[in-house]
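These are the residues of each chain, in order.
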Amino acid sequence: MDLTGKLLIAMPGIGDPRFEHAVVFLCSHSDEGAMGLIVNKTAPGVQLGSLLEQLEIEANTDVASLPVRFGGPVETQRGFVLHSDDYHSRVNSLDVPGGFAMTATLDILEDIAEGSGPEKMFVMLGYAGWGPGQLESEIVANGWLTAEASAELLFEMDDLEKWGAALKTLGVDPVSLSSSAGTA
């Protein structure tokens, strides 16, 4: 099972408040584990301008007010940019199926600051990570549903609508979900 480029949709009762109603975009998934970025939560009180200022990168006013997102609870001081595949870093970008890419090098922030970055993007702090077999176990335990990702859902939809919209792509009404799993 390779879920790279797919969405994880947190089920009610996932047990970790950081993932309550989370929609996670999986940047990589293999036998060695998984890495993803939460696409519907902002980092409270952090804007791109202040982050760029800390990194001594001068920003044009168009991007300074953009929110920085909470990508996940691992390495929350480390930055990631989830973006459309129209941009590739001079240093290193990870291509993700479906028209996406992820870059974690400083050059993308410099390019964003000068207006030559990707067309669609989220700047994030932290990521969500799973060790070998951990994500698969959480899926089997009813912690996550998986769905196809779309640029519209990720980049154009309001954060508060993403969880319900992702569920609806599976034909699931959010109101019908239970926080407990059963067996037949």
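Whatever comes next refers back to the structure up there.
Before going into details, it helps to say that this report is about the structure given with it. (Residues numbered from 1 in each chain as written. Predicted model: local features only at pLDDT ≥ 70, side-chain atom pairs only at ≥ 80, totals over all residues. Heavy atoms only, no water.)

### Describing the nonpolar core
Phase 1 of the analysis: Judged by nonpolar contacts, the single largest core of 26 residues is most densely connected at L7, F25, L37, V39, L82 and L154.
Phase 2 of the analysis: Broken down by secondary-structure element, the contributors of at least two residues to this core are β1 (6–10), β2 (23–30), β3 (33–38), β6 (74–84), β8 (100–103), β9 (121–130), α5 (151–156) and α6 (159–168).
Phase 3 of the analysis: Beyond its immediate stretch of four places on either side in the chain, V39 contacts V23, F25, R69, L82, F122, M124, L154, D159 and K162.
Phase 4 of the analysis: Formed by 15 residues, the second largest nonpolar core is a distinct cluster that contains I57, V68, A113 and M121. (Core = buried A, V, L, I, M, F, W, Y, C linked by side-chain atoms within 4.5 Å. Buried < 20%, exposed > 50% of the residue type's maximum accessible area, 1.4 Å probe, protein only. Helix = DSSP H or I, 4+ residues; strand = E, 2+ residues; numbered from the N terminus. Contact = heavy atoms within 4.5 Å.)

### Things to note about unusual backbone geometry
Phase 1 of the analysis: Notably, H21 is not glycine yet its phi reads approximately 55°, a positive angle.
Phase 2 of the analysis: Residue placement: H21 occurs in the loop between β1 and β2.
Phase 3 of the analysis: You can call H21 partly exposed: its relative accessible area is 40%.

### A few points about the environment of V172
Phase 1 of the analysis: Here V172 shows up in the segment after α6.
Phase 2 of the analysis: What makes V172 buried here is its relative accessible area of 19%.
Phase 3 of the analysis: In this structure the C-alpha to C-alpha distance between V172 and H83, which are 89 residues apart in sequence, comes to 27 Å.
Phase 4 of the analysis: In this structure, V172 is in contact with L167 and L177, ignoring residues within four places of it in sequence.

### Comments concerning the pattern of salt bridges
Phase 1 of the analysis: The tally for this structure, following the rule as stated, stands at eight salt bridges.
Phase 2 of the analysis: When the shortest N-O distance is used, the salt bridge between E75 and R78 registers 3.8 Å.
Phase 3 of the analysis: The partner of D159 in a salt bridge is K162, and the shortest N-O contact between them spans 3.1 Å. Taken as a pair, D159 and K162 lie in helix α6 at a separation of three residues, close to a single helical turn.
Phase 4 of the analysis: For K162, a relative accessible area of 0% translates into the label buried. (Salt bridge = Lys/Arg side-chain N within 4 Å of Asp/Glu carboxyl O.)

### Section: the pairing of strand β7 (residues 93–96)
Phase 1 of the analysis: Pairing of β7 with β8, which is carried by four bridges, proceeds in the antiparallel orientation. When the sheet's bridge partners are listed, L94 is paired in β8 with M102.
Phase 2 of the analysis: Where β7 hands over to β8, the hairpin turn is made up of three residues, of which G98 adopts a positive phi near 100°. (Pairing = 2+ DSSP bridges.)

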